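Chain by chain, the residues run as shown.
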Amino acid sequence: MEHLLDPQWEGTSAEEPASPTPYIAGNRLILDVYLDGCERFLQVTEKETSHLVEVEFLRLSSNDAMITSAVADLPRFRNIRSLVLKGGHLRDDYGRCVNGLLTTLPPDISKLSLLRHLDLSVNNFAELPSCITALSLLTSLHLGYNRLRTLPDEITELKSLTELLLMSNQLTELPAGVGQLKHLEKMDLSENRLEALPLEVGNLQYCIDLDLSGNNLANLPETVCNMMSVQQLYLHNNVLVAVPAGLARLPHLSRLDLQNNRLRTVPIEIMQCSCVYLQGNPIGEPEPSPLSEDESQSLDIKEIYVNPEDKSFCVTPDGCWVFLPHGFHLCFPPGAVLCKTRIYYQILLPDQQHVRLGHHDVLLSSTLELQPHGTQFHQDVEINIPFAYLKPVPKREVVIRTFSDSSGTWMDLSTTAKEKTSHEMLASCKTAHFSWFLVVSRLVEDCCEVPSEGELLFSSVDQNIRVEFPPGATAETRTVRMQVSDLSYDVIDDCS
């Protein structure tokens, strides 16, 4: 889980005089490190009054059963600049962060008139408490990992906001007034349910970082091209069918992420943009045929959560999502099996001795074994494997590797990877058989079919590298794969 407190709000002076009040260190009261932190907080507020006004930085865990009582005492801390009431300090059996207990805030929170940083992430807010919009000096508002469905029009009152984090909520739309947040520099709306953006979003002239990934956006308003300060624009994992060419003319743009959308055609200006990422789009492919009845039903199938002590689960012809411990999950579409089938699984810790790795390969995940091995499904099963965060590296790619029982060899599957959290990625593939599955980072691999007539294989890493197969080089069609890696002069000398 991302550490959402901006370090600038942590007072760190070692020379501050010790407070006579337990737990208060100078101007800081940090109690989210204790399981009974809210009880200790209430002890402080019960015994002390004079030193409470010195506190400027306050942190409490909203997983604490006494958080509601503690929050009621917050207005006594009149000089608070930074307030953190996060959940996520506990984890369930699947390794997921447990949301905090807060669903609302008392109206008197509006009296914290000096508050500039407010972190309410990983809680259960279904709507924005009205008291928040009265905090006129607020510059940083963190509301990620809640249950927000809408934002109130009053959000425009927060005119000092420079950072607004709303990732992983249930937002379906944004108020037009969001364009009035003139000082906003960073806005994260990833993993919501947005289907459209208001035209006014183009008024965010100082926005540098805008994350809209993981939504249901099919189109973008042309006004997005007016955001002249934007440097990072994340639009991956939406359902975009078109993008405005004007994005390529944004003067400071350093990353335009359009991966894993439904783009079949892309403006030439975008294609020529050096900072654009287009992997995972069906560019140049024809429109697909309409979904069959079975495929339509697969969009709304039941979910099964497997307990860590259970080593198997059952799948029916109706299909299902299966969530395994440690973040692994599978999707069995309707018709994948013809009768009720029991699947066995185990998760093995990363160990290079269990798998085949090439000279330049790096193992990134635990290994998921699914049995019975070699089971052939009537519809491809989707497999999702979490792996440690890996920054994109030129000339390398992430793939899911599996063992083929039929051929007795390891093979790499067509894989897509996306960011799950700031510390974790998720690799996805589809397969019709079960065996071992793991995530590997490898050199980018280019592949072609070489017929008897000959063929030319180019490297996508370096267009100057190519392999020419003249006519007659092979009597029968063969699959040829190529990987390119840089070598130092020392290595070349050692090989000579």
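Since the model is a prediction, treat every value here as computed from it, not as a measurement.

**Some remarks on the overall build of the protein**
Thought 1: Looking only at helices and strands, one finds five helices and 29 strands in the protein.
Thought 2: Within the protein, the proportion of its 496 residues that are buried is 47%.
Thought 3: Across the protein, every contact between residues at least 6 apart in sequence was considered, and the portion connecting residues at least 24 apart equals 49%.
Thought 4: Accessible area of the protein: about 24,900 Å², with a carbon and sulfur share of 49%.

**Focus: the pattern of salt bridges**
Thought 1: A full pass over the atoms with the stated rule returns eight salt bridges.
Thought 2: D412 is paired through a salt bridge with R442; the nearest N and O atoms lie 2.5 Å apart. Highlighted residues: D412 in strand β22 (residues 409-413) and R442 in strand β25 (residues 436-443), separated in sequence by 30 residues.
Thought 3: A relative accessible area of 25% places D412 in the partly exposed class.
Thought 4: The structure contains a network of salt bridges with shared partners spanning D361, E397, R401, D412 and R442.

**Quick look at the sheet that holds strand β3 (residues 57-61)**
As a general point, the strands of a sheet are linked pairwise by backbone hydrogen bonds and lie either parallel or antiparallel.
Thought 1: Here we have twelve strands laid out as an open sheet, ordered β1-β2-β3-β4-β5-β6-β7-β8-β9-β10-β11-β12, and mixed in their pairing. Bordering the open sheet on either side are β1 (24-25) and β12 (276-277), each of which pairs with just one other strand.
Thought 2: In terms of strand pairing, strand β11 (residues 255-257) meets β12 through two bridges, oriented parallel. Bridge pairing links L256 to V276 in β12.
Thought 3: Sitting on the sheet, helix α1 (residues 37-47) touches β1, β2 (28-30) and β3, and the angle it makes with β3 is about 135°.

**Topic: the nonpolar core**
Thought 1: The biggest cluster of nonpolar side chains holds 77 residues, and the ones touching the most others in it are F41, L85, L105, I132, L247 and L258.
Thought 2: Residue assignment for this core shows that the elements contributing at least two residues are α1, β3, α2 (67-72) and β4 (82-86).
Thought 3: With residues near it in sequence (within four places) discarded, I132 still touches L105, L118, L120, L138, L141 and L158.
Thought 4: Core analysis: the next-biggest nonpolar cluster, separate from the first, contains 29 residues, V306, V315, I400 and C429 among them.

**Considering α1**
Thought 1: Residues of α1 that are buried: G37, C38, R40, F41, L42, V44 and T45.
Thought 2: Against the buried residues of α1 lie β1, β2, β3 and α2.

**Digging into the packing of aromatic side chains**
Thought 1: In the structure shown here, the tally under the stated rule is ten aromatic pairs.
Thought 2: Both rings, one in F41 and one in F77, keep their centres 5.4 Å apart while their planes meet at 25°; by these two values the pair is stacked. Here F41, found in helix α1, pairs with F77, found in the loop between α2 and β4; they are 36 residues apart in sequence, far enough to count as distant. The residues F41 and F77 share a single accessibility class, namely buried.
Thought 3: Centre to centre, the rings of F403 and W410 are 5.4 Å apart; their planes meet at 70°, and the pair counts as edge-to-face. With respect to class, F403 is no different from W410; both count as buried.
Thought 4: Linked through ring pairs, F313, F332, Y345, F377 and F434 together constitute an aromatic cluster.

**Remarks on the confidence of the model for the protein**
Thought 1: Taken residue by residue, the protein gives an average pLDDT of 83. The fraction at 70 or more is 82%.
Thought 2: Note on residues 1-20: pLDDT is under 50 here. Beyond four places in sequence and across chains, it has 46 contacts.
Thought 3: Across residues 291-298, confidence stays below pLDDT 50; counting only partners more than four residues off in sequence or on other chains, it has seven contacts.

**A few points about the pairing of strand β19 (residues 367-371)**
Regular strands have side chains that alternate between both faces of the sheet.
Thought 1: In terms of residue burial, β19 counts as a mostly covered element, since four of its five residues are buried.
Thought 2: In terms of strand pairing, β19 meets β25 through two bridges, oriented antiparallel. Among the inter-strand pairings, E369 is bridged to a residue of β25, identified as W436.

**Quick word on the environment of R28**
Thought 1: Within the fold, R28 resides in strand β2.
Thought 2: Taking the C-alpha atoms as reference, R28 lies 9.6 Å from S82; in sequence the two are 54 residues apart.

Rules of the game
Residues numbered from 1 in each chain as written. Predicted model: local features only at pLDDT ≥ 70, side-chain atom pairs only at ≥ 80, totals over all residues. Heavy atoms only, no water. Helix = DSSP H or I, 4+ residues; strand = E, 2+ residues; numbered from the N terminus. Buried < 20%, exposed > 50% of the residue type's maximum accessible area, 1.4 Å probe, protein only. Contact = heavy atoms within 4.5 Å. Areas by Shrake-Rupley, 256 points an atom, 1.4 Å probe, with all protein chains shown as cover. Salt bridge = Lys/Arg side-chain N within 4 Å of Asp/Glu carboxyl O. Pairing = 2+ DSSP bridges. Axes fitted to C-alpha atoms, helices over the stretch in contact; angles between N-to-C directions. Core = buried A, V, L, I, M, F, W, Y, C linked by side-chain atoms within 4.5 Å. Phe/Tyr/Trp six-rings, centres within 6.5 Å; stacked < 30°, edge-to-face > 60°. pLDDT = per-residue confidence, 0-100.

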